[in-house]
Amino acid sequence: MEMQVDSNHAVEELLDDLEYAAKTPAKQRVAKISVQVDKFCSAAFEDGLSSVSLNRVIDIITLPNELDQASINNLIKNIYPSSKIPDPIVIKVISSLGHGRYKPSYSAQAALVKWLVMVYDVLENQKILSQVYPILFNLLDTVAVRPPLCHILSLITRRKHVRPYRIQILMELTRQAGNEPPLVGLMRVFKDYYPDIIVGDTTVGRASVFTHPNPEWQIRLGEIQAAHYQRAQDGLPSEQRAFRVTRRSANKQKISQNSVIPEVRTLNAQESSVTLEEIEDVHDFIQRLEKIEPPNQLVAVLGDPLLQKFLQLRSSEVYTKRVDSWLLTFFEDQLQMTGPDNKILEMLEAVLGYTRYTKILPPACFTYLRSMIPNWNGITGRQVILDLLTYTRIGPFEDLHTSTFQWLEDVELDDSIIASKTELLSFYTNLLTNWATSPLTNPHPPSIITSSVTSLVNHANLLSTTILQISSDVQSLSTVLTFYETLTHLFAYPPLQSTLHISIPPAELIYTIHFTQSLNLLSRLCSILGLYKRAFENAVATNTSSYTKEYLNRFNGYLMDICNCIWRARAFNPSDVNALSCLQSPELISSLENYTKSLSNNLNLASLFSLSSSPVLCLLAIQYVRELEDEKENEIVSRHPGPVTQASLKQLEKDGGVRLSWGDYRLGVLVHLEGKGVNGVGELMYNTMKQLMSVRGKRG
């Protein structure tokens with residue numbers, strides 16, 4: 001923002017010099033005017049002109065001045081407005097046109113009209129030109145400004161402007177000029193509004209094709225306006241940022257004529273109605289909402305955010321059926337065609353954008369995808385198809401799996417690449433989110449939601465287990481945990497607790513990730529288990545729990561095993577209530593104990609996965625002790641060699657080291673982990689270990 005202020009200040013200084021030079025005769029100037037003009041043009045090209053600067057430079061050009069024609073033309077070519085052009089500036093330009101001693105030269109007038117054509121899309125009020133239509137039309141007899149004048153008239157001409165006397169004048173001018181192309185082009189615009197008028201041979205001949213006079217200039221204007229708008233929005237709080245409507249603008253690329261999605265066009269609108277094309281801003285949209293006439297082709301909603309808002313606020317089953325009917329016809333045609341998939345991909349991408357807005361997949365699109373998947377190569381439009389199918393409407397999962405998802409899995413899992421399996425699990429994660437949250441947006445959710453979500457989760461459990469069997473790399477395990485993080489957050493959301501069944505992750509998954517070598521994965525697993533515990537507690541507290549004692553004890557067994565490993569230094573202990581020994585047999589545990597002792601008499605299998613000795617936690621644990629020792633460096637004579645145990649802390653105190661109890665040490669390590677961003681371990685311990693629940697309450 002400061003850079004923009006500096007830029008505006010520099011432009012204002014250049015304009016001061018330019019205004020002085022424009023009033024000074026050429027022989028009395030100290031410096032060449034061309035140098036000052038070039039500096040100003042460079043600044044305008046770089047950052048554009050604010051409304052204040054634009055007003056000043058228009059005054060310089062249109063009022064009597066001492067500038068040469070080359071300088072004036074150079075100035076006009078470089079008038080890049082950085083924002084919408086207000087009405088007073090347009091009026092100044094229009095009032096400078098015509099015959100008169102104090103008017104700008106005809107060359108300058110032609111350049112100004114051409115500039116109006118180029119900035120037509122960024123006028124603050126395009127209707128202002130319609131209000132001065134008679135003035136512009138009466139200037140057609142001025143040959144020097146006629147070509148750009150015909151262009152601007154072709155842009156603003158509406159049915160109300162086409163009058164018999166104007167048709168007569170235009171026919172006369174066309175005959176006198178020998179069917180001049182700009183006049184012929186304007187006459188054809190008139191004839192489009194009244195095809196029955198008899199114009200004789202005045203529309204015969206080559207007509208001007210009214211295209212943008214300078215596409216490169218248009219692109220640069222778009223860049224300047226976009227940058228200015230972004231700076232303005234960045235300086236506002238989010239609640240004050242602008243409501244943007246879709247319209248043809250200079251910074252928007254021209255839509256391809258081959259696009260499969262039609263533009264928003266409203267034909268045969270009544271006098272009392274309003275079209276979307278006339279909407280200027282959010283205030284205009286709200287005030288005239290009830291009078292807005294829907295466009296002829298509602299399928300344009302796929303690519304038009306303003307039409308999306310309109311149809312959302314004026315929702316109608318008829319509108320929805322019209323869009324779906326159009327899509328159904330399109331997709332049926334595509335299924336019968338053989339050739340490039342460009343059009344179908346463009347359509348699917350458009351439908352995806354629309355679906356993300358409405359959260360509802362059009363039935364016609366789902367029907368097409370279900371028909372297409374059996375013959376799909378699994379590559380073309382892969383991500384778009386997967387994203388679309390995540391919005392599949394909720395239904396019996398087994399039926400949907402048989403009819404659609406099974407084919408999808410056959411294509412996705414037809415190779416040994418782990419990425420295809422994790423991608424499929426990500427698909428089920430997104431599908432789960434959309435299904436589970438449907439009760440929040442639907443006042444009458446389907447009764448099968450509980451069974452459908454449960455079946456989906458059970459299927460994802462199998463897929464997750466398959467991924468673990470194939471790969472144990474961090475990225476794959478992270479994708480698996482993402483699914484369960486999504487699931488637990490849904491369980492923890494109160495409005496969904498009565499709808500969703502809490503499905504426990506497979507034991508193999510829990511223990512495999514627990515013994516991983518990634519601190520991040522361990523922390524996320526502990527956080528997930530902590531959320532599961534809260535969800536079960538909330539479910540049991542409602543006295544409507546349908547979970548059996550055996551089911552709850554199995555989950556409590558997972559918690560006991562994790563806590564035994566990390567907190568209690570009693571890994572693989574089978575004697576605690578509900579403990580499962582991490583599903584290891586007594587024979588294997590005995591073998592592991594013997595192996596551990598053979599390495600060193602100081603090693604104990606039960607404590608190898610504790611805070612002090614765990615391969616992923618030990619570094620941060622001893623780091624906590626080192627920080628305590630550094631704080632009391634002048635008070636201690638001995639440091640702990642590590643790893644920390646209950647006995648070693650007592651010995652450390654006797655040797656003149658830091659005085660630290662076993663309980664304070666473990667609690668301190670949890671706080672230290674949280675300080676490093678490792679929150680999951682602490683969350684699980686605080687929610688599971690009774691002695692820590694009260695401690696956390698005191699800490700606040």
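Procedures and definitions
Residues numbered from 1 in each chain as written. Predicted model: local features only at pLDDT ≥ 70, side-chain atom pairs only at ≥ 80, totals over all residues. Heavy atoms only, no water. Helix = DSSP H or I, 4+ residues; strand = E, 2+ residues; numbered from the N terminus. Buried < 20%, exposed > 50% of the residue type's maximum accessible area, 1.4 Å probe, protein only. Contact = heavy atoms within 4.5 Å. 1 Å grid on protein atoms, 1.4 Å probe; cavity = no way out; pocket = protein on both sides within 12 Å on 5 of 7 lines; lining within 4 Å. Points joined across faces, edges and corners; volume = space filled by probe spheres on them. Salt bridge = Lys/Arg side-chain N within 4 Å of Asp/Glu carboxyl O. Core = buried A, V, L, I, M, F, W, Y, C linked by side-chain atoms within 4.5 Å. Phe/Tyr/Trp six-rings, centres within 6.5 Å; stacked < 30°, edge-to-face > 60°. Lys NZ or Arg CZ within 6 Å of the ring centre and 35° of its normal. Expected span 1.5 Å × (residues − 1). pLDDT = per-residue confidence, 0-100. Patch = residues over 30% accessible without salt bridge, like charges linked within 9 Å, V, L, I, M, F, W, Y side chains within 5 Å. Areas by Shrake-Rupley, 256 points an atom, 1.4 Å probe, with all protein chains shown as cover.

Just checking my understanding: could you explain the environment of Leu15 for this structure?
Within the secondary structure layout, Leu15 lies in helix H1 (residues 2-23). Owing to a relative accessible area of 0%, Leu15 belongs among the buried residues under this scheme. Along the primary structure Leu15 and Phe40 are separated by 25 residues, whereas in three dimensions their C-alpha atoms are 7.4 Å apart. Sequence-distant contacts of Leu15, defined by excluding residues within four places in its chain, comprise Phe40, Ser53, Arg56, Val57 and Ile60.

Help me out: how do you make sense of empty space enclosed by the protein in this one?
The gaps of empty space that remain are located by a probe, the size of a water molecule, rolled over the atoms. Inspection of every chain in the model, using the stated rule, returns two cavities of 30 Å³ or more. What the largest cavity holds in volume is close to 80 Å³. What lines the largest cavity is simply His514, Phe515, Thr516, Gln517, Leu522, Ile566, Phe609, Ser614, Pro615, Val616 and Leu617. If you add up the space inside the second largest cavity, you get close to 30 Å³.

Could you clarify how one ought to interpret the pattern of salt bridges in this entry?
It is possible for side chains bearing opposite charge to pair when their charged atoms get close. Evaluation of the coordinates by the stated rule reveals 19 salt bridges. For Lys533, the salt bridge identified is with Glu537, shortest N-O distance 2.3 Å. Remark: Glu537 and Lys533 occur in helix H26 (residues 519-541); sequence separation between them is four residues, near one turn of the helix. Taking the relative accessible area as the measure of exposure, Lys533 reaches 13% and is therefore buried. Taken together, the shared-partner salt bridges connect Glu12, Asp16, Glu19 and Arg56 into one network.

How do you make sense of the nonpolar core when you look at a structure like this?
The tendency in soluble globular proteins is for nonpolar side chains to be buried as a group. Core analysis: the largest hydrophobic core is formed by 136 residues, its most contacted members being Leu302, Phe331, Leu348 and Met685. In terms of residue count, H26 provides more of this core than any other element does, 10 residues in total. Those residues in contact with Leu348 that lie beyond four places of it in its chain are Phe331, Cys365, Tyr368, Leu369, Val384, Ile385 and Leu388. Ranked by size, the runner-up nonpolar core spans 69 residues in total, among them Ile76, Ile79, Leu97 and Phe190.

Sorry if this is basic, but what is going on with the packing of aromatic side chains here?
When we look at a pair of aromatic rings, we describe it by the centre distance and by the angle of the planes. Under the criterion given, the structure shown has 26 aromatic pairs. Note on Phe137 and Phe190: the rings are 6.3 Å apart at their centroids and 25° apart in plane angle, and the pair reads as stacked. Residue Phe137 is found in helix H8 (residues 133-138), and its partner Phe190 is found in helix H11 (residues 181-193); the two are separated by 53 residues along the sequence. Note on Phe137: relative accessible area 3%, which makes it buried. With a centroid separation of 6.0 Å and 40° between ring planes, the pair formed by Phe397 and Phe405 is classed as tilted. Assigned by exposure class, Phe397 and Phe405 land together as buried. Three or more aromatic residues joined by ring pairs make a cluster, and in this case those are Phe491, Tyr532, Phe536, Tyr547, Tyr551 and Phe555. Above the face of the Phe137 ring, Arg166 is positioned so that its terminal group lies 5.8 Å from the ring centre.

Would you explain helix H27 (residues 549-566) in this entry?
Given 3.6 residues to a turn, an α-helix orients residues that are three or four positions apart in the same direction. Under the 1.5 Å per step criterion, the end-to-end length of H27 is 26 Å for 18 residues, consistent within 8% with the ideal 26 Å. Where H27 is concerned, the buried positions are Tyr551, Leu552, Phe555, Gly557, Tyr558, Leu559, Asp561, Ile562, Cys563, Asn564, Cys565 and Ile566. Looking at the packing, one finds that the buried side of H27 touches helix H25 (507-514), H26 and helix H32 (680-688).

Would you mind showing me how to read the side chain of Thr390 here?
Structurally, the position occupied by Thr390 is in the loop between helix H18 (382-389) and helix H19 (397-412). What makes Thr390 buried here is its relative accessible area of 4%. In this structure Thr390 touches Phe427, Asn430, Leu431 and Asn434, once residues within four positions along its chain are discounted.

How should the confidence of the model for the protein chain be read in this particular structure?
The predicted structure's coordinates, where accompanied by low pLDDT, should not be read in detail. For the protein chain, per-residue confidence averages 85 on the pLDDT scale, and residues scoring 70 or more make up 90% of the total. Note on residues 238-257: pLDDT under 50 across the span, and 34 contacts to partners over four residues away in sequence or across chains.

Sorry if this is basic, but what is going on with unusual backbone geometry here?
Among all residues except glycine, the phi angle is most often negative; among peptide bonds, the trans geometry is most common. Here the residue pair Gly642 and Pro643 is connected by a cis peptide bond, since its omega of -10° sits within 30 degrees of zero. Turning to its location among the elements, Pro643 is positioned in the loop between helix H29 (618-631) and helix H30 (646-654). The backbone of Ser581 sits at a positive phi, close to 55°, despite the residue not being glycine. Checked against the element boundaries, Ser581 lands in the loop between H27 and helix H28 (586-599).

I would appreciate a short explanation of the side chain of Thr266 in the present structure.
Take Thr266: it is sitting in the loop between helix H12 (215-234) and strand E1 (274-275). Taking the relative accessible area as the measure of exposure, Thr266 reaches 12% and is therefore buried. Those residues in contact with Thr266 that sit more than four places away from it in its chain are Thr275, Leu276, Glu277, Glu293, Pro294, Pro295 and Asn296.

Is there a simple way to think about a nonpolar patch on the surface in this case?
Taken together, the side chains of Tyr595, Leu599 and Leu603 define a hydrophobic patch exposed on the protein surface, amounting to about 310 Å² of accessible area. Position of Leu603 relative to the elements: it lies in the loop between H28 and H29.

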